[in-house]
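Per-entry structural report
This is what each chain is made of:
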Amino acid sequence: MCEIIFSRIFLGFPVLLLWMAGGLAHAACPLELNPPRLVVRYGDSVSVNCSTSSTDHEGMGWEATFGGTGLETDVMVVTWTVKNLTDWTIQPKCHITSKDGEQCLVTFPVILYKTPDRVSISVLNHSGPMVKGTQYHLQCDIQNIAPLQNLVVKWYKGNEPLDIVTYSNVSKRPEDLSATLMISPNRNDDGAQYRCRAELDLGPEGPQPHPTVTSEPLSMTVHYPPTFSRPEAENHLDIRVGEVITLNCTATGRPPPEYRWQSSDFQEALFTPPSEVPGTYTCTAYNQIGEISKTFTVNPKPKGDRTTFWVIIGLGLGLAIVVVIVYVVVKHRAGPNSII
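Described in the following lines is the structure provided in the data block. (Residues numbered from 1 in each chain as written. Predicted model: local features only at pLDDT ≥ 70, side-chain atom pairs only at ≥ 80, totals over all residues. Heavy atoms only, no water.)

1. Things to note about the overall build of the protein chain
Along the protein chain, the regular secondary structure elements total one helix and 27 strands. Counting all 340 residues of the protein chain, 35% fall into the buried class. For the protein chain, restricting intrachain contacts to residue pairs at least 6 apart in sequence, the fraction spanning at least 24 positions comes to 62%. As displayed, the protein chain has an accessible area near 19,900 Å², and 55% of this comes from carbon and sulfur atoms. (Helix = DSSP H or I, 4+ residues; strand = E, 2+ residues; numbered from the N terminus. Buried < 20%, exposed > 50% of the residue type's maximum accessible area, 1.4 Å probe, protein only. Contact = heavy atoms within 4.5 Å. Areas by Shrake-Rupley, 256 points an atom, 1.4 Å probe, with all protein chains shown as cover.)

2. Side note on the state of the cysteines
This model, assessed by the stated rule, comprises four disulfides. With its sulfur 2.1 Å from that of its partner, cysteine 140 forms a disulfide with cysteine 196. One quick way to see it: the torsion about the S-S bond of cysteine 140 and cysteine 196 is about 80°, and its sign makes the bridge right-handed. Of this pair, cysteine 140 sits in strand β13 (residues 136-145) while cysteine 196 is found in strand β17 (residues 193-200), placing the two residues 56 residues apart along the sequence. We classify cysteine 140 as buried; its relative accessible area is 0%. For cysteine 196, a relative accessible area of 0% gives the class buried. The residue that forms a disulfide with cysteine 249 is cysteine 283, at a sulfur-sulfur distance of 1.8 Å. (Disulfide = S-S within 2.5 Å.)

3. Thoughts on unusual backbone geometry
The omega angle of the peptide bond from asparagine 34 to proline 35 is 0°, so this bond is cis rather than trans. Within the secondary structure, proline 35 is located in the loop between β3 (31-34) and β4 (38-41). One non-glycine residue, aspartate 74, adopts positive backbone phi at about 55°. Inspection of the secondary structure puts aspartate 74 in the loop between β6 (57-63) and β7 (77-82). Look at asparagine 125: it is not a glycine, yet its phi comes out positive at around 55°.

4. Details of the packing of aromatic side chains
Counting across every chain of the model gives five aromatic pairs. Ring centres 4.8 Å apart and planes at 5° place the aromatic pair tyrosine 42 and tryptophan 88 in the stacked group. Separated by 46 residues along the polypeptide, tyrosine 42 in the loop between β4 and β5 (46-52) and tryptophan 88 in the loop between β7 and β8 (93-98) bring together distant segments of the chain. Its relative accessible area of 35% is what places tyrosine 42 among the partly exposed residues. Ring plane angle 90° and centroid distance 6.4 Å describe the contact between tryptophan 62 and phenylalanine 108, whose orientation is recorded as edge-to-face. A residue pair is termed long-range when its members are at least 10 positions apart, and tryptophan 62 in strand β6 and phenylalanine 108 in the loop between β9 (103-107) and β10 (110-113) qualify at 46 residues. Accessibility assignment for this pair places tryptophan 62 and phenylalanine 108 in one class, buried. (Phe/Tyr/Trp six-rings, centres within 6.5 Å; stacked < 30°, edge-to-face > 60°.)

5. Quick word on the pairing of strand β14 (residues 151-157)
For β14, the tally of buried residues reaches six of seven residues, placing the bulk of the element in the interior. The hairpin turn running from β14 into strand β15 (residues 160-166), its antiparallel successor, is two residues long, and glycine 158 in that turn takes a positive phi close to 65°. (Pairing = 2+ DSSP bridges.)

6. Re the nonpolar core
In this structure, Leu138, Ile142, Leu151, Trp155, Ile183 and Met220 are the most contacted members of the largest nonpolar core, which totals 29 residues. Secondary structure elements with two or more residues in this core: β10, β11 (118-123), β13, β14, β16 (175-183) and β17. The element best represented in this core is β13, accounting for five residues. In terms of nonpolar packing, the next biggest core, distinct from the first, is built from 25 residues, Trp88, Phe108, Val110 and Ala146 among them. (Core = buried A, V, L, I, M, F, W, Y, C linked by side-chain atoms within 4.5 Å.)

7. Considering the sheet that holds strand β12 (residues 130-131)
What holds strands together in a sheet is hydrogen bonding between their backbones, with the strands either parallel or antiparallel. The sheet built from three strands is open, its strands ordered β12-β20-β23 with mixed pairing. One side of each edge strand has no neighbouring strand; the edge strands of this open sheet are β12 and β23 (251-254). Note: strand β20 (residues 222-228) against β23, three bridges, orientation antiparallel. Counted as the bridge partner of phenylalanine 228 is alanine 251 from β23.

8. Brief notes about the sheet that holds β3
Taken together, the three strands give an open sheet; going across it, the order is β3-β5-β7, and neighbouring strands pair in antiparallel fashion. Of all the strands in the sheet, just β3 and β7 have a single pairing partner and so form its edges. With direction set aside, neighbouring strand axes in the sheet form an average angle of 20°. When β3 meets β5, the two strands line up antiparallel, connected through four bridges. Residue pairing for β5: glutamate 32 is matched across the bridge by serine 51. (Axes fitted to C-alpha atoms, helices over the stretch in contact; angles between N-to-C directions.)

9. Side note on the side chain of lysine 154
Within the fold, lysine 154 resides in strand β14. For lysine 154, the side chain forms a polar contact with the side chain of glutamate 199, separated by 3.2 Å. Each residue touching lysine 154, except ones within four places of it in the same chain, is listed here: Asp163, Ile164, Arg195, Cys196, Arg197 and Glu199. (Polar contact = N/O pair within 3.5 Å; in protein donor to acceptor, adjacent residues only side chain to side chain.)

Dropping the structure here:
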C-alpha cells in the first residue's frame, strides 16, 4: 500500500489535498520508488531508492524507524538502507518538499517474512495403531512463522496431495499455528506416510520457489479384520479312502489372525483331517478387530468313478488306432501278395 499525502498551510490551517493508493507516485508528486515494493527475509539487508524528476524542491528524504535520512537538499535520489531489518511493523516513507511549501509522502510497501522454526505432524488425542473405518484428526504444528496471510498449508499422503489451507490473518509478527486434517483410514493405509508442508506464497516479488518447511513423515499402522487369502471355490472337496488333503484357511489381517476349527483345538492355518472322516469343517480366523469363517465340505470319492471309466476307454481306443496304423504300414511295404 502506498499513500501520497499533500499538505499545505492555508489561512493558518493544514489542508489535506490528496490521498491515493498505488505503487508509484502521482504525477503531482514527482517521486518514484525502485523497487516499487519489496519482500525481505527477517534479518536481511534492504536498500530502496527514492528519486524525483523535480528540480524545484527544497529537499527530500526518508522517514523510518530504522534507516531514516532526514531532509536532504540539492539531491535527486535518496536511499533507504537497513543492514539488518527486524522491525515487523516498519512503514518507511519517502517525502519531498517543494519550494512553495507543499509536501508529499509515499509509503514504501515492505513485507518481512520468516520461515517456521519447526513443522511437525501428529495424531490428535490418539496414540498407537489406528482402526479401519474410524475417524482421526491429524494435526500440523507450525512454530514461529510470519506473515500468516501468506501461509499455505499443504497435506500429503505419500506424494498424493490431500488438502490445501490458506489464512486471512493480517498479523505481521511471527505466530504459532495448528492445522488439522480428518482421515478415515482403510487397510490400504497401513504403512502409508502422511506429511504437512508450510509454504509462504509471497507473490511475484517473493523468492521463487516459495520458501517451504515440511514435517517428518508420520507412518500409519492400521488394524483391520481378517480376510481369506484363497477363494471360496475351495470349499467343496472330494477325498478317496487313504488320500490326504489339506484344508487351507489362511487369512490376512492386522494384527495377524488366530484360527479355530469347529470341534477341535487346532490353532494352525493348515489343517489335515483324517482321510477316513469326510464331513463338514468350519474354520474361523479372528483378531482384535473382527472375525471371518469358512466352511469346507469334504465328500467321499468312489473308488471307480466315471472319470476313470472314460480314461480306460480312451486308452483302449488309442491302442487300437496304433495297431491299425502299424498293420497298414507293414502290409503296404510287404506287397499285395504277402501274407501277414
